[in-house]
Amino acid sequence: MTSQAVLDELCSLAAHARNWRTETGIPRVAMVQGEIPAHALAAVYEPMVNLILRGSKSMTVGERVFCYDPASYFVMSVELPAVGSVHPAQSGEPYLAVSLTLEPERIMTLLADLPPSVGAVQEGAFSVASVTPELLDAWVRMLRLMQHPEDIPALAPLFEREILYHILKGPHGWMLRDIASPGSMLARISNAIHWIRHNFTEEFIVESLAERQAMSVSAFHRHFKSVTAMSPVQYQKRVRLLHARTKLLSGQESVTAIAMAVGYRSVPQFNREYARFFGMSPLRDAAKIRSSIQTQ
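These numbers were taken from a predicted model, which means no experiment stands behind them.

How each quantity is defined
Residues numbered from 1 in each chain as written. Predicted model: local features only at pLDDT ≥ 70, side-chain atom pairs only at ≥ 80, totals over all residues. Heavy atoms only, no water. Pairing = 2+ DSSP bridges. Helix = DSSP H or I, 4+ residues; strand = E, 2+ residues; numbered from the N terminus. Contact = heavy atoms within 4.5 Å. Axes fitted to C-alpha atoms, helices over the stretch in contact; angles between N-to-C directions. Disulfide = S-S within 2.5 Å. Buried < 20%, exposed > 50% of the residue type's maximum accessible area, 1.4 Å probe, protein only. Phe/Tyr/Trp six-rings, centres within 6.5 Å; stacked < 30°, edge-to-face > 60°. Lys NZ or Arg CZ within 6 Å of the ring centre and 35° of its normal.

Student: Sorry, what's going on with the sheet that holds strand S10 (residues 126-130) here?
Tutor: Strands pair in a sheet through their backbones, by hydrogen bonds, and they do so in one of two ways: parallel or antiparallel. Pairing in this open sheet of six strands is antiparallel, and the strands run S1-S2-S9-S4-S7-S10 from one edge to the other. The two strands at the open ends of the sheet, each matched to only one other strand, are strand S1 (22-23) and S10. Pairing of strand S2 (residues 29-33) with strand S9 (residues 96-101) involves five bridges; the strand directions are antiparallel. Counted as the bridge partner of Met-31 is Val-98 from S9. Where helix H3 (residues 133-144) meets the sheet, its contacts fall on S2, strand S4 (48-54), strand S7 (72-76) and S9, and the angle it forms with S9 comes to roughly 85°. In this fold helix H4 (residues 152-169) packs onto S4, S7 and S9, with an angle of close to 95° to the strand it touches most, S9.

Shown next, in the form of structure tokens:
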């Protein structure tokens, strides 16, 4: 079976996906299809493997931009605020993709059955790699389970394990190994990221975060930026702004109330940073998004 034939089958299996996260009934596996609103692609992304079946996608994390299509896949191993854009295939057919949410515990279980890694130590928590026939084949077997839901409890864990195995063998293998190893640098930075994301309204002292992870301040700053392409303060700001945007779209609170709710103490500062990140003021941005939703 050629790679194109496998992709065609994957597209057929995922054909009922909508233009928002569509659950498959398979734990941690989701799909999406079509033109996705820009505001929906600006979010804090969970650790995941994203495989494009048709069309292409770009992801911007910090100042770094990655583009990928059905010849490649994207791995993000920590929680990251990012901005994405999707594009249809050259034939005009809609964008289509599937994803697997990563859980360190499942990777850790698999690592127990693998020999120790001998690759060079690297840094970073997101990148793109070329897809392989073996990886595509594992994805086909996974998505076929949507046609046989009674088999999901028994077989989905095996196919998930196989997908993770092929990624561990590939150029992203070190990334998955590190995130599943509690003492690794990436795992320690991930702990700090998790704290910031879930306490984003609070002020924090970088020295305290570094101390919690048993790192010097300079090492913490350096590794945090290499993993996220942002400083800890920039990470917090982007999480705050993304949460603020969600609140703005509800239309139930004033800009001042929202700025304070997400942790800002200065509304002018909030307005400046919001406009810098999203390209326009909070009220104009919210009005534009609502207008685009109404015309869809």
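Right, picking up where we left off after that structure.
Student: Explanation requested: the state of the cysteines in the structure shown.
Tutor: Where two cysteines share a covalent bond between their sulfur atoms, that bond is called a disulfide. Per the stated rule, a full pass over the model turns up zero disulfides. The thiol of Cys-11 is not disulfide-bonded; the next cysteine sulfur, from Cys-67, is found 20 Å away. Accessibility expressed as a relative area gives 11% for Cys-11, which makes it buried.

Student: Can you walk me through the packing of aromatic side chains in this structure?
Tutor: Two aromatic rings are characterised by how far apart their centres lie and by the angle between their planes. Inspection of every chain in the model, using the stated rule, returns ten aromatic pairs. Ring centres of Tyr-68 and Phe-74 lie 5.2 Å apart, and the angle between their planes is 15°; on these two criteria the pair is classed as stacked. Of the two residues examined, Tyr-68 and Phe-74, each falls in the buried class. Consider the rings of Phe-220 and Phe-224, whose centres lie 5.7 Å apart with planes at 50°: the pair is tilted. In this pair, Phe-220 and Phe-224 both sit in helix H8 (residues 217-228), four residues apart, roughly one turn of the helix. We classify Phe-220 as buried; its relative accessible area is 0%. By relative accessible area, Phe-224 is classed as buried at 0%. Among the aromatic residues, those joined into a cluster by ring pairs are Tyr-264, Phe-270, Tyr-274, Phe-277 and Phe-278. Directly above the aromatic system of Tyr-264 lies the positively charged group of Arg-240, at a separation of 5.6 Å from the ring centroid.

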